[in-house]
Amino acid sequence: MNILRTADLKKHYGGPPSGAALVRALDGVDLAVEQGEFVSVVGSSGSGKSTLLHMLGGLDRPTAGSVEISGQPIFAMRDDELTIFRRRHIGFVFQSYNLVPVLTVEENIRLPLELDGSEPDGPFISQVIDLLGLSDRRRSLPNQLSGGQQQRVAIARALAAKPAIVLADEPTGNLDSRGGLDVMGLLKISGERFGQTIVLITHNPQIAQMADRIIRIEDGRIAS
Amino acid sequence: MTGSHDRAIRRVTRRSLKQNRSHTLFTVLAITLSAAMISAVCGFAASGRQMVFDFLGQDVMEAQLYSATVYTVAAVFGAILVATSIIIASNAFRASAGERTRQFGLLGAVGATRKQISAAVVYEGVFLCALGIPLGLLVGNAIHLAGAGIVDALFGEVNAARMVHGANGASELHFIYVFSWPATALAVVVSFATVLISAWLPARQASRVSPIDAIRQTRPSPASAQSVQLSPLTRRLFGCEGGLAAKYAKRHRRSYRATVTALAISVILFIAVSFFASGMERSMAAALPYAGVTAGAEYIAAEDRRLPPPVSARVADRLAEYPGAVIHLEETTEDGQALTVWLAETDDVAGFRAYARSVLDQVIGAPSAGEYRLNTYDASQITAGQRAIMLAVRLFAYGFVALLTLIAVTNVISTVVTNLRLRQREFALLRGIGMSKRNFSRMLGYESLLSSARALLYGIPLGSALAYILYKGFMGSVEFGFAYPWTAVGISVLGVLVIVFAATWIAQGRIRRLNVIEALQE
Ligand SMILES: Nc1ncnc2c1ncn2[C@@H]1O[C@H](COP(=O)(O)OP(=O)(O)OP(=O)(O)O)[C@@H](O)[C@H]1O
Ligand SMILES: [Mg+2]
């Protein structure tokens, strides 16, 4: 069964009304991902990978085309419905982390759960924090962390709610090769344990190889 | 949605307020000051009304007239104040709107709904008001108390000289502090609404765009797309830093706008209110043509039964025969009633009144009810009362200018500080790529000059226009020429430059002390 599905997905920036040059960040993407699949997305810088992931996660509205999750077209939902759907079913790791600067590591990780008003699974969260090597950093603020540590906080936050889908934008970009492999191991374990579907962007061929399938993006289209 | 959902939101809001301590402080200060001003203005209006009624009695026509004057003045000032508070409070929030938009974007990205983001806004507003409004009411009542004390002390001299005589044997004017619930409620409601509306605007902006756009803050900005052209003159005058500063000023138009708005409003109000105050002073002199008037006689009848001019002239001649009396004759018509008044400057009020009575009875005949009325009265209460009220109003107007300037100054400092703090990273980058501290100061100096000039460019014409409107609408009834408020304009130009440079100097001191890496990490 396809849990994720896009049809002729387009996202354009700029263009006539704004006066800026038209950028076709996504130019007709048809993609289907099966339940439980681990997919990696590769492509050169500026090819549209992040844009695609934002659309899959319902974080930004496409110019044209649709995204269906479990057969439900997500952009047909009202804004707040989509927000609630997102926080319950999708874990997102941003390329630029997007941690809330005034919250500590642990508070950042629990934030999506607290916003949803659901009971955080304490032991599970502690386990994730341990596995990501953040145990002695629980009470630090994001600006006291290194880039790699911030990235790991962003990963922990995405996993905390045990979402059905994990979308990760270069989650290993700021980690050394050892750290990168650790994160991949964690994602795989979590994926198997909770039956999660994972879509991961990476520039690292070795990491891309660890996925079930590799999708290559070029100029806003799927090349292979 | 229950409270537990919003615990996280409240935590984020509280922490942000705590982290941006200086901004929070200035915002609370702005709220405090505007609440104080509103409650003081309302309080003074209440005291003024009390004074007039105590002195002249509730149902005397003059009392109604004067208390109406008090209310009109209070209403004009109140309206200016409310408008200023709204603009200034929303300005304080606008200075940090970019930062807040980003924060709301971050929260939206991890699953905060619009409702939760509104909750954050309301929570922040309540928090700021809970600090600012009670403080403001305290300060406002203190201003009211002190102001009432000063005015009452002034009246003490008037009272000691036994210059005034009121109704029911009242011979003393008192301007006392009265606590007024309506005034208090008005101050609370206006301040609270102002803060909520101002806080709401960036939240609405953030909830309209996608979280991704809010985080990137990609709002269409025409200035950023087109290349920024500099005139050769700018380059010649200000060198490389000037060029850089001009580029930043053009690209950062939005962040400058808050400062420029705050300054322009201060200038507008300063010019208009100074004009108003000095106009008040001159109209005071103009409104008291018969400085020595102490007694009056009047004849009131239906319009078609008005007194023929020869008769009123004959009465005036007869009244002038009273030893030492100087007579002023006035005739007016109002609401179908013709009024003829003889006002007298004399030392002996009682004697003149008795004499006037007999003259009126002789020349016009004893009043037969329903057709006309003859009156004699003690007129000294009018002029002295008028003078006292004018004095109070003048004090009030100048006090108002002073406090308004204070509000404006806090606001300007707050926007400058916020603006520079938000750009800390950018400054660190510039320093990181080799800009010296000297260059940096010159760049900021040039930026200060640009925003001052912009503010004056808007503020002076608009302030003059507002002064003219006040002149036309408010004092049109009193005769005096329109004198352009040159002094106020001069003070504004100087004041703006001093305030902007001082604020920039204070704010940049902090940035200069930070090292490049610290600033980049913030
Ligand atoms: N808000 C925006 N406004 C204008 N253009 C944008 C915007 N966001 C992205 N783009 C453009 O869309 C294209 C795709 O961007 P995207 O971020 O998806 O690239 P990417 O594949 O993730 O690159 P990288 O590997 O460097 O992260 C780029 O050309 C970028 O300039
Ligand atoms: Mg990217």
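Provided above is the structure to which this section pertains.
It should be emphasised that the depicted structure is a prediction, and the values quoted were computed from it without experimental measurement. (Residues numbered from 1 in each chain as written. Chains lettered and ligands numbered in written order. Predicted model: local features only at pLDDT ≥ 70, side-chain atom pairs only at ≥ 80, totals over all residues. Heavy atoms only, no water.)

Let's talk about the overall build of chain B
1) Next: The helix and strand tally for chain B stands at 17 helices and 4 strands.
2) Next: When burial is assessed residue by residue, chain B has 51% of its 522 residues classed as buried.
3) Next: Partitioning the contacts of chain B with sequence separation of at least 6, the portion at a separation of at least 24 is 83%.
4) Next: As displayed, chain B offers around 24,100 Å² of accessible surface, 62% of which is attributable to carbon and sulfur atoms. (Helix = DSSP H or I, 4+ residues; strand = E, 2+ residues; numbered from the N terminus. Buried < 20%, exposed > 50% of the residue type's maximum accessible area, 1.4 Å probe, protein only. Contact = heavy atoms within 4.5 Å. Areas by Shrake-Rupley, 256 points an atom, 1.4 Å probe, with all protein chains shown as cover.)

A word on empty space enclosed by the protein
Gaps left between atoms show up when a probe the size of a water molecule is rolled over them.
1) Next: One pass over the full model with this rule turns up 8 cavities of 30 Å³ or more.
2) Next: The volume enclosed by the largest cavity comes to roughly 170 Å³.
3) Next: Along the wall of the largest cavity there are 15 residues; nearest its centre are I90(A), G91(A), F92(A), A109(B) and V110(B).
4) Next: Broken down by secondary-structure element, the contributors of at least two residues to the lining of the largest cavity are α2 (79-89), β6 (90-93) and α5 (147-159) of chain A.
5) Next: Per-element accounting of the lining of the largest cavity gives the leading share, 3 residues, to β6(A).
6) Next: Grouping the amino acids of the lining of the largest cavity by side-chain chemistry returns 9 nonpolar, 3 polar and 3 charged.
7) Next: In this model, the second largest cavity occupies a volume close to 110 Å³.
8) Next: Lining the second largest cavity, in full, are Y256(B), T259(B), V416(B), N419(B), L420(B), R423(B), L444(B), E447(B), S448(B), S451(B), V500(B) and T504(B). (1 Å grid on protein atoms, 1.4 Å probe; cavity = no way out; pocket = protein on both sides within 12 Å on 5 of 7 lines; lining within 4 Å. Points joined across faces, edges and corners; volume = space filled by probe spheres on them. Nonpolar A, V, L, I, M, F, W, Y, C, P; charged D, E, K, R; others polar.)

Regarding the site of ligand 1
Residues and elements named next belong to chain A.
1) Next: Taken together, 16 residues lie around ligand 1, and S45, G46, K49, S50 and T51 are the ones closest in.
2) Next: Within the contact set of ligand 1, an oxygen atom lies 3.2 Å away from a backbone nitrogen or oxygen of S47.
3) Next: Note that an oxygen atom of ligand 1 is positioned 3.0 Å from one of the side-chain N or O atoms of H203.
4) Next: Here ligand 1 has 640 Å² of accessible area as a free molecule, and 73% of this is covered by the chains.
5) Next: Secondary-structure elements contributing two or more residues to the shell around ligand 1 are β2 (23-34) and α1 (49-56).
6) Next: The element contributing the most residues to the shell around ligand 1 is α1, with 3 residues.
7) Next: Taken together, the residues of the shell around ligand 1 sort by class into 3 nonpolar, 10 polar and 3 charged. (Near = heavy atom within 4 Å. Polar contact = N/O pair within 3.5 Å; in protein donor to acceptor, adjacent residues only side chain to side chain.)

Some remarks on helix α3 (residues 105-116) of chain A
1) Next: In terms of burial, α3(A) is a largely internal element, 11 of the 12 residues being buried.
2) Next: Just beyond α3(A), the residue with positive phi is G117(A), at close to 75°.

Quick word on the interface of chain A and chain B
Much of the literature gives interface size as the accessible area that the parts lose upon coming together.
1) Next: At the interface, 26 residues of chain A touch 28 residues of chain B.
2) Next: Each partner contributes to the roughly 2,400 Å² buried at the junction of chain A and chain B, and carbon and sulfur atoms together form 57% of this total.
3) Next: Ranking the residues of chain A by area buried against chain B places V102(A), E114(A) and L115(A) at the top, with a combined share of 25%.
4) Next: Inspection of the region where chain A meets chain B yields 4 salt bridges.
5) Next: A salt bridge links E107(A) to R15(B), with the nearest nitrogen and oxygen atoms 2.7 Å apart.
6) Next: Broken down by secondary-structure element, the contributors of at least two residues to the side of chain A that touches chain B are α2 and α3 of chain A.
7) Next: Here the side of chain A that touches chain B is built from residues that sort into 11 nonpolar, 6 polar and 9 charged. (Buried area = accessible area lost by both parts, 1.4 Å probe. Salt bridge = Lys/Arg side-chain N within 4 Å of Asp/Glu carboxyl O.)

A short note on a nonpolar patch on the surface
1) Next: Together, L135(B), L138(B) and V139(B) line one region of the surface with nonpolar side chains, adding up to about 260 Å² of accessible area.
2) Next: Position of V139(B) among the secondary structure elements: in helix α5 (residues 114-160). (Patch = residues over 30% accessible without salt bridge, like charges linked within 9 Å, V, L, I, M, F, W, Y side chains within 5 Å.)

Things to note about the sheet that holds strand β9 (residues 213-218) of chain A
All names here are of chain A.
1) Next: Read from one edge to the other, the open sheet built from 6 strands follows the order β6-β7-β8-β3-β9-β10, with strand pairing classed as mixed. Every interior strand has two partners, whereas the edge strands, β6 and β10 (221-222), have only one.
2) Next: Sheet topology note: the strand β3 (residues 38-42)/β9 ladder contains 4 bridges and is parallel. Bridging across to β9, V39 finds its partner in R213.
3) Next: The strands touched by α1 are β3, β6, β7 (165-169), β8 (197-201) and β9; relative to β7, the strand with the most contacts, the crossing angle is about 155°.
4) Next: Here α5 sits on the sheet and contacts β6 and β7; the angle it forms with β6, its principal contact strand, is near 175°. (Pairing = 2+ DSSP bridges. Axes fitted to C-alpha atoms, helices over the stretch in contact; angles between N-to-C directions.)

Quick word on the packing of aromatic side chains
1) Next: For the structure on display, the rule yields 7 aromatic pairs over all chains.
2) Next: Ring geometry for F92(A) and F94(A): centres 4.7 Å apart, planes at 40°, overall tilted. Of the two residues, F92(A) and F94(A), neither departs from the other in class, the shared state being buried.
3) Next: Residues F44(B) and F175(B) carry aromatic rings whose centres are separated by 6.2 Å and whose planes lie at 25° to one another, so their mutual orientation is stacked. Here F44(B), found in helix α2 (residues 21-56), pairs with F175(B), found in the loop between α5 and α6 (181-208); they are 131 residues apart in sequence, far enough to count as distant.
4) Next: Judged by its relative accessible area of 6%, F175(B) is buried.
5) Next: Members of the aromatic cluster, connected to one another through ring pairs, are Y322(B), F352(B) and Y355(B).
6) Next: Over the ring of F124(A) we find K162(A); its NZ or CZ atom is 5.0 Å from the centre of that ring. (Phe/Tyr/Trp six-rings, centres within 6.5 Å; stacked < 30°, edge-to-face > 60°. Lys NZ or Arg CZ within 6 Å of the ring centre and 35° of its normal.)

Regarding the pairing of β8(A)
Residue and element names in this part refer to chain A.
1) Next: Along β8, 5 of the 5 residues are buried, which leaves the element largely enclosed by surrounding structure.
2) Next: Here β8 shows no split at all, with T197, V199 and I201 on one side and I198 and L200 on the other all buried.
3) Next: Pairing analysis gives 4 bridges linking β3 to β8, with the strands arranged parallel. Across the sheet, residue V41 finds its bridge partner in β8, namely I201.
4) Next: Where β7 meets β8, 5 bridges bridge the pair, whose relative direction is parallel. Following the sheet pairing, A168 is matched in β8 by L200.
5) Next: Once you follow β7 into helix α6 (residues 177-194) and on to β8, the crossover reads as right-handed. (Right-handed = clockwise from strand over helix to strand, strands pointing away.)

Examining the packing of α2(B) against α6(B)
Residues and elements named next belong to chain B.
1) Next: Two numbers describe how α2 lies on α6: the axes approach to 9 Å, and their chain directions differ by 150°. With respect to α6, the axis of α2 lies roughly antiparallel. Viewed along their axes, α2 and α6 form a crossing whose handedness is right-handed. Judged by residue contacts, I31, A35, I38, S39, C42 and G43 of α2 engage A183, L186, A187, V190, S191 and V195 from α6.
2) Next: For the contact of α2 with α6, a count of residues per class yields 9 nonpolar, 3 polar and no charged. (Parallel < 35°, antiparallel > 145°, perpendicular 65-115°, else oblique. Left-handed = near helix turned anticlockwise from the far one by under 90°.)

Considerations on the packing of α3(A) against α5(A)
Residues and elements named next belong to chain A.
1) Next: Between α3 and α5, the least distance of the axes is 7 Å, while the angle of their chain directions is 30°. The orientation of α3 relative to α5 falls into the category roughly parallel. Viewed along their axes, α3 and α5 form a crossing whose handedness is right-handed. Across from V105, N108, I109 and P112 in α3, the residues of α5 making contact are V153, A156 and R157.
2) Next: Per-class residue counts for the contact of α3 with α5 are 5 nonpolar, 1 polar and 1 charged.

Comments concerning the side chain of T13(B)
Residues and elements named next belong to chain B.
1) Next: When you line up the elements, T13 lands in helix α1 (residues 7-19).
2) Next: Given the relative accessible area of 6%, T13 is considered buried.
3) Next: In this structure, T13 is in contact with A120, Y123 and E124, ignoring residues within four places of it in sequence.

Some points on the coordination of the magnesium ion (ligand 2)
Residues and elements named next belong to chain A.
1) Next: Distances from the magnesium ion (ligand 2) to its protein donors, S50 (OG) and Q95 (OE1), fall at 1.9 to 2.2 Å. With S50 in helix α1 and Q95 in the loop between β6 and α3, the pair connects residues that are 45 residues apart, well separated along the chain.
2) Next: Taking the relative accessible area as the measure of exposure, Q95 reaches 39% and is therefore partly exposed. (Donors = N, O, S within 2.8 Å, 3.2 Å for Na, K, Ca; no water.)

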